[in-house]
Amino acid sequence: MSRIRVLVGTRKGAFVLTSDGTRARWDVDGPHFGGWEIYHFKGSTVDPNRLYASQSSSWFGQVIQRSDDGGKTWETAGNKFVYDGPTGTHQWYDGTPHPWEFARVWHLEPSLTERDTVYAGVEDAALFRSADAGQTWQELPGLRGHGTAASWQPGAGGMCLHTVVQDPSRPGRIFVAISSAGVFRSDDGGRAWKPINRGLRSEQLPDPQAEVGHCVHRIAMHPSRPGVLFMQKHWDVMRSDDGGESWREVSGNLPSDFGFPIDVHAHEPETIYVVPIKSDSEHYPPDGKLRVYRSRSGGHEWEALTRGLPQSHCYVNVLRDAMCVDSLDPCGIYFGTTGGQVYASADAGDTWTAIVRDLPSVVSVEVQTLP
Amino acid sequence: MIVRVALPAHLRTLARVGGEVKVDVEGPVTTSSVLDALEAMYPMLRGTIRDQVTRRRRPFLRFFACEEDLSHDSPDAPLPGAVASGAEPFLVIGAMAGG
């Protein structure tokens, strides 16, 4: 029977949640790296026992941890993230030029094909790559060197590159998302990049349809249809059917189209999930009800999934990297909250159970389906 | 010279040490030479006390010894004789924060 391993990054450490394929009973292991912020915690699909964790602290800076035995033991990897060439400036919150400064790693994305290759999306926004399992890191400077970079501005959480999506059918095609610059695509392994934000509309910008400047919160892809992308933007849920060349809104009947995570069912490429949040100034669910919304039509028509989720007095948030799906059948859906709960559904979202309720504030949730 | 270094709890955990560490410093005993020796012995501490590129002290850390705050001294200034002799430790202190 398959096993499930859920990797949870929190404000105060990492946790590993494990179950058999029934997903009914869970063991909770942790905290690992107690007291440190774990921005992201993810395993390799090439070697599922290889895990990476981004460990961060205002006092001590950035540490990268790597495990080669599924999280039983850890060793520190390289943490030297140095921008390639002149750092230049981006816009600060007040519109003045501000030099690029490395702050932390928001997202670690192991290669789909090479065991020792892993990408790191960092703040201030840049993409780094390691070909030696995280021991050394090299920036892919074409992204930060894009002609629009001087106009990029940070979102409330900093100017972070938080999403890295690889196209499994087209080696070298990588999508990244930056708050608040938008989505960029490379077709040559990260050397050259182009902004792909046509169709996005952000009323916070002087030109709402600008080439860059959009606060994209998360993008998701089903591996069987890599030309179709789904996006949770600051406001608006969007989709693209042409590899990001153009986007259209599919928010439909959502109670709010603000939110952070978005993900795709493992076996139904038109079934997608979001967690609506009331607004960018409140950052909690509408009406105090924690509801995942599912669309089985690739957007527009959404249904609320509430069974097992708190439907009163709930004011948690679900952050951009804190939702994921396993590959069992029925598909399992997982998400973590800023209140420290990790919820799981073993039936594609119809019913939910809290695996654990009182962790530190959850930043990221990833899942591995193991043989 | 054998210099004693006291680290904050999170860095002791990261370096997998239980208490003070002792580092062998060649040449003049300065903040830079002590940290160089510390990072050579415990590479996982690189970047956690001072920036990897600029070599400047991270803002939320301080260096104390012999009841003095040495944080703003030149990193190449000699440390007190009691530190160089091993009679007193070189203290890496994390800023207090929180409620």
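As a reminder, the structure under discussion sits directly above these lines.
Here is a short report on the structure shown in this document.

Rules used throughout
- Residues numbered from 1 in each chain as written.
- Chains lettered and ligands numbered in written order.
- Predicted model: local features only at pLDDT ≥ 70, side-chain atom pairs only at ≥ 80, totals over all residues.
- Helix = DSSP H or I, 4+ residues; strand = E, 2+ residues; numbered from the N terminus.
- Rg over C-alpha atoms; globule rule 2.2 N^0.38 Å.
- Buried ≥ 20, exposed ≤ 12 C-beta atoms within 10 Å, placed from the backbone.
- Contact = placed C-beta atoms within 7 Å.
- Nonpolar A, V, L, I, M, F, W, Y, C, P; charged D, E, K, R; others polar.
- Pairing = 2+ DSSP bridges.
- Axes fitted to C-alpha atoms, helices over the stretch in contact; angles between N-to-C directions.

## Structural notes on the overall build of chain B
- Tallying secondary structure elements over chain B gives three helices and five strands in all.
- Mapped from its N terminus to its C terminus, chain B presents α and β elements in the order β-α-β-α-β-β-α-β.
- Over its C-alpha atoms chain B spans a radius of gyration of 13 Å, differing by no more than 12% from the 13 Å that the globule rule assigns to 99 residues.
- Projected onto its principal axes, the C-alpha coordinates of chain B cover approximately 35 × 25 × 25 Å.
- Here chain B, with 99 residues, has 31% of them falling under the buried criterion.
- Summarising the internal contacts of chain B: among those between residues at least 6 apart in sequence, 56% fall at separations of at least 24.

## Focus: the overall build of chain A
- If you tally the helices and strands in chain A, you get zero helices and 30 strands.
- The C-alpha radius of gyration computed for chain A amounts to 19 Å, which stays within 12% of the reference 21 Å derived for 371 residues, consistent with globular compactness.
- Its C-alpha atoms put chain A at 50 × 45 × 40 Å along the principal axes.
- Among the 371 residues that make up chain A, the fraction classed as buried is 53%.

## Some thoughts on the interface of chain A and chain B
- Taken together, the contacts link 13 residues of chain A with 13 residues of chain B.
- Looking at the side of chain A that touches chain B element by element, the count peaks at three residues for strand β6 (residues 61–67) of chain A.
- Among the residues making up the side of chain A that touches chain B, the classes are represented as five nonpolar, seven polar and one charged.

## Some remarks on the sheet that holds strand β1 (residues 3–10) of chain A
Residues and elements named next belong to chain A.
- Read from one edge of the open sheet, four strands run β3-β2-β1-β30, paired in antiparallel fashion. With one partner strand each, in any of the chains shown, β3 (27–32) and β30 (362–370) form the two edges of the open sheet. On average, each strand axis in the sheet is inclined to that of its neighbour by 15°, with strand direction left out of account.
- Bridging between strand β2 (residues 13–20) and β3 involves four bridges; their strand directions are antiparallel. Bridge pairing in β3 links A14 to H32.

## Focus on unusual backbone geometry
All names here are of chain A.
- Put simply, G30 and P31 share a cis peptide bond, and its omega is 0°.
- On the secondary structure map, P31 appears in strand β3.
- Residue P330 follows D329 across a cis peptide bond; omega there is 0°.
- Locating P330 in the fold gives a position in the loop between β26 (323–325) and β27 (333–336).
- A positive phi angle, close to 75°, is found at H300, a residue other than glycine.
- H300 gets classed as partly exposed once you count the C-beta atoms within 10 Å, which come to 15.
- Phi angles above zero are rare outside glycine, and A348 is one such case at about 65°.

## A few points about the sheet that holds strand β19 (residues 229–233) of chain A
- The strand order across the open sheet built from four strands is β18-β19-β20-β21 (chain A), with neighbouring strands paired in antiparallel fashion. A strand with exactly one partner marks an edge of an open sheet, and here the two such strands are β18 (216–221) and β21 (248–249) of chain A.

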